[in-house]
Amino acid sequence: MSLATEQDFGTPARISERTVTLEIDGQSVTVPAGTSVMHAAAAMGTSVPKLCATDSMEAFGSCRLCLVEIEGRKGTPASCTTPVEPGMKVKTQTPRIARLRRNVMELYISDHPLDCLTCSANGDCELQDMAGAVGLREVRYGYDGANHFKPAKPKDESNPYFTFEPSKCIVCSRCVRACEEVQGTFALTIEGRGFESAVSAGAHENFLDSECVSCGACVQACPTATLNEKSVIEAGAPEHSVITTCAYCGVGCSFKADMKGGEVVRMVPHKDGKANHGHSCVKGRFAWGYATHKERITKPMIRASIHDPWKEVSWEEAINHAASEFKRIQAKYGRGSVGGITSSRCTNEETYLIQKLIRAAFGNNNVDTCARVCHSPTGYGLKTTLGTSAGTQDFDSVSEADVIMVIGANPTDAHPVFASRMKKRLREGAKLIVLDPRRIDLVRTPHVEAQYHLPLRPGTNVALLNALSHVIVTEGLVDEDYVAERCEKEDFDLWRAFVAEQRNSPEALSATIGVSAEAIRGAARLYAGAKNGAIYYGLGVTEHSQGSTTVMAMANMAMATGNIGREGVGVNPLRGQNNVQGACDMGSFPHEFSGYRHVSEEPVRALFEKEWGVGLDHEPGLRIPNMLDEAVEGSFKGLYIQGEDIAQSDPDTQHVTAGLRAMECVVIQDIFLNETANFAHVFLPGSSFLEKDGTFTNAERRISRVRKAIAPLAGLADWEVTMALSNALGYPMTYKHPSEIMDEIARVTPTFTGVSYDRIDELGSIQWPCNAKAPEGTPTMHVGGFVRGKGKFIVTEYIPTEERASQRFPLLLTTGRILSQYNVGQQTRRTDNNVWHGEDFLDIHPFDAEHRGLREGDLVALASRKGEVTLHARITERMQPGVVYTTFHFADSGVNVVTTEYSDWATNCPEYKVTAVQVRRVNHMSEWQERYRADHDEQERLAGRVPAGAAE
Amino acid sequence: MSQDSIVRMVNQIATFFATYPRPQAVEGTYDHIQKFWDPRMRKKLAEKVAAGGEGLSEIALEAARKFPSAKS
């Protein structure tokens with residue numbers, strides 16, 4: 001293992017059908033038309049010296065170091081800004097060029113501090129490298145005149161993760177351009193002219209107070225120590241790297257974990273990562289400190305009752321105790337009285353093992369996963385209409401889209417790296433339609449403005465999609481040839497007649513939706529008229545009582561306009577968690593095995609029975625909400641939960657905790673004592689993504705390797721713990737490495753037959769289906785025909801949710817995420833990301849605030865028919881009147897105390913996005929929060945810790 | 001699971017399929033419950049039907065009656 005270095009070609013690669021052949025230093029080289037001379041030289045192995053150029057951004061031509069001579073041309077053009085031409089003869093090194101480059105470097109160095117030996121970028125500094133490369137031996141100008149480093153300008157250390165040291169800046173503009181071109185935030189600029197030119201964050205602010213989103217693109221782009229990770233400043237240069245995959249959102253960015261022995265020094269996005277192409281966000285890039293946080297639990301623990309103190313025990317004792325409890329419960333209450341929950345944070349291999357343990361060792365199908373509460377409607381809806389439970393495209397596809405429709409998703413916060421790609425395409429001229437009750441950032445952000453923002457009332461997605469489809473059908477915008485060739489005619493005719501009904505017109509539904517008919521018509525025409533129209537959606541679609549219906553309505557609309565089955569189009573779920581796609585693929589649902597095959601199908605069951613050597617149940621098992629219902633009712637008594645925190649994340653908290661309290665054995669496998677662990681009897685310490693081998697599958701069906709960078713803190717990786725439990729239960733598992741688990745998955749899953757660790761290493765990553773028909777995987781699905789054969793249109797009647805605003809609860813609450821925090825916050829709350837978002841706020845429109853006499857920052861009670869919590873109010877016009885919003889990142893906010901038991905009709909995915917609430921000013925915390933704090937303090941004591949605030 | 005939530009869930013499913021012709025709607029509702037519900041939930045539904053099926057919509061009731069245990 002050594003430090004992973006990637007070749008920098010200086011300028012971006014070009015794609016062209018036309019190639020150009022030229023001669024560089026007497027050697028012939030052929031490259032795509034449009035390639036720069038610098039890139040062409042790099043392609044043949046010659047690095048032209050450079051400072052302002054790097055291949056993640058367009059050429060800038062400011063440093064004058066990459067000069068070359070070209071036969072027949074005057075002067076010495078910059079190789080970064082000069083495109084190749086046929087027959088061109090280039091020399092990258094001549095005495096004249098060497099002299100010029102030395103002169104340029106001499107000027108740079110004459111204005112740079114010479115503290116190389118003690119500089120944090122020592123050994124990783126392009127300025128230092130270039131001084132060496134051009135053979136700089138003296139600086140004739142001395143250091144006495146006007147300069148930028150004496151006296152040193154103050155360092156900006158406001159960002160928790162990196163420093164800005166202006167004295168070391170060479171004003172190459174790479175950071176400014178990275179912020180614009182790569183991230184798309186435009187937070188940085190060069191202020192002043194000539195000698196006064198300097199990098200500035202925002203309007204002369206410090207980094208933390210500026211619009212900077214701390215994605216790290218500038219730090220990566222900086223050729224000197226000007227922008228440098230604090231972790232590197234502290235630890236020194238890393239010495240080896242491990243290529244792995246981020247464990248935060250469903251984008252699944254590839255990262256280099258830059259290491260020093262057994263310690264991570266920094267995480268740097270990997271250029272060859274096909275999901276992120278070298279970009280990152282504040283979470284993956286910087287918020288990994290939780291992995292070694294002092295609150296990590298590294299010893300197994302057990303207790304008889306949830307009111308007893310935890311007792312540290314050996315792995316053997318904990319595992320045997322858990323197994324004997326499950327056996328006891330099954331003997332007493334029946335085979336179906338126990339179950340398990342797999343984790344979307346864990347690897348495919350670990351998820352597969354848990355569902356295998358439940359089906360084979362427990363002997364029932366009571367297995368579910370957190371997709372239940374996020375994207376289960378995607379699975380149902382896309383499988384019904386198109387034939388497979390997955391997004392249709394790869395992320396790169398967005399660069400071919402002409403009209404992008406974002407529905408119920410907030411990519412700049414929840415899927416930031418993909419959002420940067422999307423924004424880049426929008427800056428290139430693609431049009432944008434946003435369907436969201438809130439004015440999300442994407443609606444209007446630097447150099448991006450939505451053509452249409454349809455701020456619908458929460459709960460009216462289906463009505464809006466029907467109205468959009470009405471316009472498409474009645475205005476002759478259907479792609480008739482596509483539909484005739486690729487879709488079931490009878491279903492299409494039914495659907496066409498249905499959406500064409502007057503009651504589905506924008507005019508008829510406008511009042512319900514809360515958006516003008518004119519805007520709906522305009523948006524429908526724009527989408528349907530696009531050469532390539534692409535839909536991207538999130539939990540604003542799925543987490544409704546009509547979540548599955550909305551997914552099918554989107555698929556209907558995409559099929560009707562011929563927008564599935566090629567690059568640039570599609571229906572694309574933006575998956576919440578790193579491995580939520582994988583968890584679903586691996587058979588985490590109670591009704592299906594890996595590869596989405598129903599447990600009642602005889603041949604499928606026979607396949608698994610043969611592979612696993614045990615008889616399997618043919619009936620579907622309980623889903624998470626059903627498990628909790630049955631626990632309260634008394635028929636469900638034991639639960640094995642890996643890496644999931646249902647006591648915080650799932651709706652109707654008081655019902656969830658009642659279910660957990662009613663169980664006789666709750667086993668939690670996690671890296672922290674999370675909220676659910678408060679109700680647990682056995683705690684099995686988990687391992688973070690840095691501590692194990694495996695694979696994650698991202699939102700584009702891309703299977704990427706997770707590689708062990710450090711040893712598991714508790715001694716065992718999660719897959720080893722599940723194996724031990726299974727063995728103790730009497731069902732033997734004997735895998736020696738996760739690769740063997742993947743081999744088994746490939747044997748039993750038709751869409752994975754071509755997948756193995758060797759193959760992933762060879763290809764970098766693989767998008768399933770990967771089998772004999774698609775040996776290198778499948779970037780775009782449904783090319784030439786749908787997976788199910790013919791596409792199936794489904795009639796999508798709008799049925800309002802039973803959850804209605806009333807006189808008592810006149811506002812509608814919708815919940816979501818923010819950039820810096822991640823879901824229940826167990827990870828990000830244990831990092832410095834709290835400086836951006838240290839608590840959950842209630843966002844409310846000025847009109848609603850004034851009506852209630854609220855001022856910014858007031859403590860308010862948020863009450864629904866289910867419960868009441870208190871939060872601080874934030875007044876913002878991002879909201880529409882009548883709608884309030886909050887995040888659910890902090891346990892003590894208890895936002896899910898307020899959300900209801902209502903759920904999607906098809907999948908029981910909770911209706912997080914519509915809760916009727918009232919908001920009023922208060923001067924004390926809610927009763928629930930008081931109780932939560934008391935319970936929390938008790939649990940802290942039982943875990944042998946001093947509760948926060950106890951010393952006062 | 002309480003009878004109330006069983007009734008709400010079945011009605012929700014039946015309402016989705018209600019836009020299709022009656023036999024299809026009943027079959028769709030039945031099939032969905034068969035495919036996605038744990039047997040003990042189906043048993044509760046059957047008990048509900050045996051007790052008169054109060055609160056179930058017409059399609060829901062018709063679909064629920066198709067479960068064999070409903071007749072026992």
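Whatever comes next refers back to the structure up there.
Here goes a summary of the coordinates provided. As the structure is a computational prediction, the values presented were derived from the model and not from experiment.

## A look at the overall build of chain B
Check the secondary structure of chain B and you find five helices and zero strands. Across chain B, helices and strands are ordered from the amino to the carboxyl terminus as α-α-α-α-α. In terms of its C-alpha atoms, chain B occupies a principal-axis envelope of roughly 25 × 20 × 20 Å. Buried residues in chain B amount to 57% of all 72 residues. In chain B, the proportion of contacts linking residues at least 24 apart, taken out of those at least 6 apart, comes to 61%. Across chain B, 11 positive and 8 negative side-chain charges occur, with their mean positions spaced 4 Å apart.

## Things to note about the interface of chain A and chain B
On the chain B side, the residues contacting the 33 residues of chain A number 23 residues. Across the interface of chain A and chain B, roughly 2,400 Å² is buried in total on both sides, 55% from carbon and sulfur atoms. Across the chain A-chain B interface, the total number found is three salt bridges. Between Arg42(B) and Glu619(A) there is a salt bridge, with its nearest N and O atoms 2.7 Å apart. Where chain A meets chain B, there are nine residue pairs in polar contact (both at pLDDT 80 or more). At four residues, the largest contribution of residues to the side of chain A that touches chain B is made by helix H22 (residues 624-633) of chain A. When its residues are assigned to classes, the side of chain A that touches chain B shows 13 nonpolar, 11 polar and nine charged.

## Looking at the pattern of salt bridges
Residues and elements named next belong to chain A. Applying the stated criterion across every chain yields a total of 65 salt bridges over all chains. A salt bridge links Lys 168 to Asp 115; the nearest nitrogen and oxygen atoms lie 3.2 Å apart. Taken together, the positions of Lys 168 in the loop between strand S5 (162-164) and helix H4 (174-183) and Asp 115 in the loop between helix H2 (95-110) and helix H3 (126-133) put the pair 53 residues apart, joining distant regions of the chain. Ionic pairing is found between Glu 475 and Arg 521, a salt bridge with its closest N-O pair at 2.8 Å. Linking Glu 475 in the loop between helix H13 (461-474) and helix H14 (480-486) with Arg 521 in helix H17 (residues 517-529), this pair joins segments that are 46 residues apart in sequence. With relative accessibility at 16%, the residue Arg 521 sits in the buried group. Connected through shared salt-bridge partners, Asp 124, Glu 229, Asp 258, Arg 266 and Arg 285 make up one network.

## Things to note about the sheet that holds strand S34 (residues 868-875) of chain A
Strands pair in a sheet through their backbones, by hydrogen bonds, and they do so in one of two ways: parallel or antiparallel. Residue and element names in this part refer to chain A. Read around the closed barrel, the six strands follow the order S31-S35-S32-S34-S33-S36; overall the barrel is mixed. Strand-to-strand twist across the sheet, computed as the mean angle between neighbouring axes with direction ignored, equals 45°. Note: strand S31 (residues 811-816) against strand S36 (residues 915-921), three bridges, orientation antiparallel. Bridge assignment links Leu 811 to a residue of S36, and that residue is Val 917.

## Quick look at the packing of H13(A) against H17(A)
Residue and element names in this part refer to chain A. Axis separation between H13 and H17 bottoms out at 9 Å; the angle between their running directions is 65°. The two elements H13 and H17 meet at a crossing, and its hand is right-handed. Together, Leu 464, Ala 467, Leu 468, His 470, Val 471 and Ile 472 of H13 and Ile 520, Arg 521, Ala 523, Ala 524, Arg 525, Tyr 527 and Ala 528 of H17 make up the contact between the two elements. Of the residues assigned to the contact of H13 with H17, the class counts are 10 nonpolar, one polar and two charged.

## Brief notes about the nonpolar core
Judged by nonpolar contacts, the single largest core of 108 residues is most densely connected at Leu468(A) and Trp37(B). With near-sequence residues (within four places) excluded, Trp37(B) lies in contact with Pro620(A), Arg623(A), Ile6(B), Met9(B), Val10(B), Ile13(B), His32(B), Arg42(B) and Leu45(B).

## A few points about the packing of aromatic side chains
Ring pairs (aromatic) are described by centroid distance and by the angle formed between their planes. All names here are of chain A. Evaluation of the coordinates by the stated rule reveals 29 aromatic pairs over all chains. Ring geometry for Phe 608 against Trp 612: centres 4.9 Å apart, planes inclined by 70°, an arrangement best described as edge-to-face. With Phe 608 and Trp 612 both in helix H21 (residues 602-612), this residue pair falls four residues apart, about one helical turn. Taking the relative accessible area as the measure of exposure, Phe 608 reaches 0% and is therefore buried. On the accessibility criterion, Trp 612 (4% relative accessible area) is buried.

## Structural notes on the sheet that holds strand S17 (residues 431-435) of chain A
All names here are of chain A. Spatially, the five strands line up as an open sheet ordered S20-S17-S16-S21-S22, and their pairing is parallel. Two strands in the sheet have a free side with no partner beyond their single neighbour: strand S20 (452-454) and strand S22 (570-573). This sheet shows a mean twist of 15° between the axes of neighbouring strands, independent of strand direction. Across five bridges, strand S16 (residues 403-407) lies against strand S21 (residues 533-537) in parallel orientation. By the bridge assignment, Met 405 is partnered in S21 with Ile 535. Running at roughly 140° to S16, helix H12 (residues 416-427) makes contact with S16, S17 and S21 of the sheet.

Rules and cut-offs
- Sequence order as written defines the numbering, with residues in each chain counted from 1.
- Written order determines the labels here, with chains lettered from A and ligands numbered from 1.
- The model is predicted, so local features are restricted to residues of pLDDT at least 70 and side-chain atom pairs to those at 80 or more, both for listing and for counting; the totals for chains, interfaces and linings are taken over all residues.
- The basis for every side-chain value is the complete set of non-hydrogen atoms in the structure, without hydrogens or water.
- The numbering of helices and of strands both runs from the N terminus, where a helix is a DSSP run of H or I of at least 4 residues and a strand a run of E of at least 2.
- In this scheme, a residue with accessible area under 20% of its type's maximum is buried, one over 50% is exposed, and one in between is partly exposed, where area comes from a 1.4 Å probe on protein chains only.
- Working rule for contacts: check all heavy atoms of both residues, and any pair within 4.5 Å makes them a contact.
- Positive charges come from Lys and Arg alone, negative charges from Asp and Glu alone, with His and the N- and C-terminal ends not counted.
- For charged residues, the charge sits on one atom: NZ in Lys, CZ in Arg, CG in Asp, CD in Glu.
- When two parts are put together, the accessible area they lose, computed with a 1.4 Å probe and summed over both, is reported as buried area.
- Whenever Lys or Arg places a side-chain nitrogen within 4 Å of a carboxyl oxygen from Asp or Glu, that contact is recorded as a salt bridge.
- Polar contacts, as used here, are pairs of N or O atoms within 3.5 Å; protein pairs need one atom able to donate a hydrogen and one able to accept it. Residues neighboring in sequence count only if both atoms are side-chain atoms.
- By the convention adopted, Pro, Cys, Tyr, Trp, Phe, Met, Ile, Leu, Val and Ala count as nonpolar, Lys, Arg, Asp and Glu as charged, and the other residues, Gly among them, as polar.
- Here, a strand pair is defined by DSSP locating no fewer than two bridges between the strands.
- Angles run from 0 to 180 degrees between N-to-C directions of axes, and those axes are lines fitted to C-alpha atoms, restricted for helices to the stretch in contact.
- Handedness of a crossing follows from how the near helix is turned relative to the far one, being left-handed for an anticlockwise turn of less than a right angle and right-handed for a clockwise one.
- Only buried residues count toward a nonpolar core, which is a set of Ala, Val, Leu, Ile, Met, Phe, Trp, Tyr and Cys residues joined through side-chain atoms within 4.5 Å.
- Note on ring pairs: Phe, Tyr and Trp rings are taken, using the six-membered ring of Trp, and paired if centres are within 6.5 Å. Classes follow the plane angle, with under 30 degrees stacked, over 60 edge-to-face and the rest tilted.

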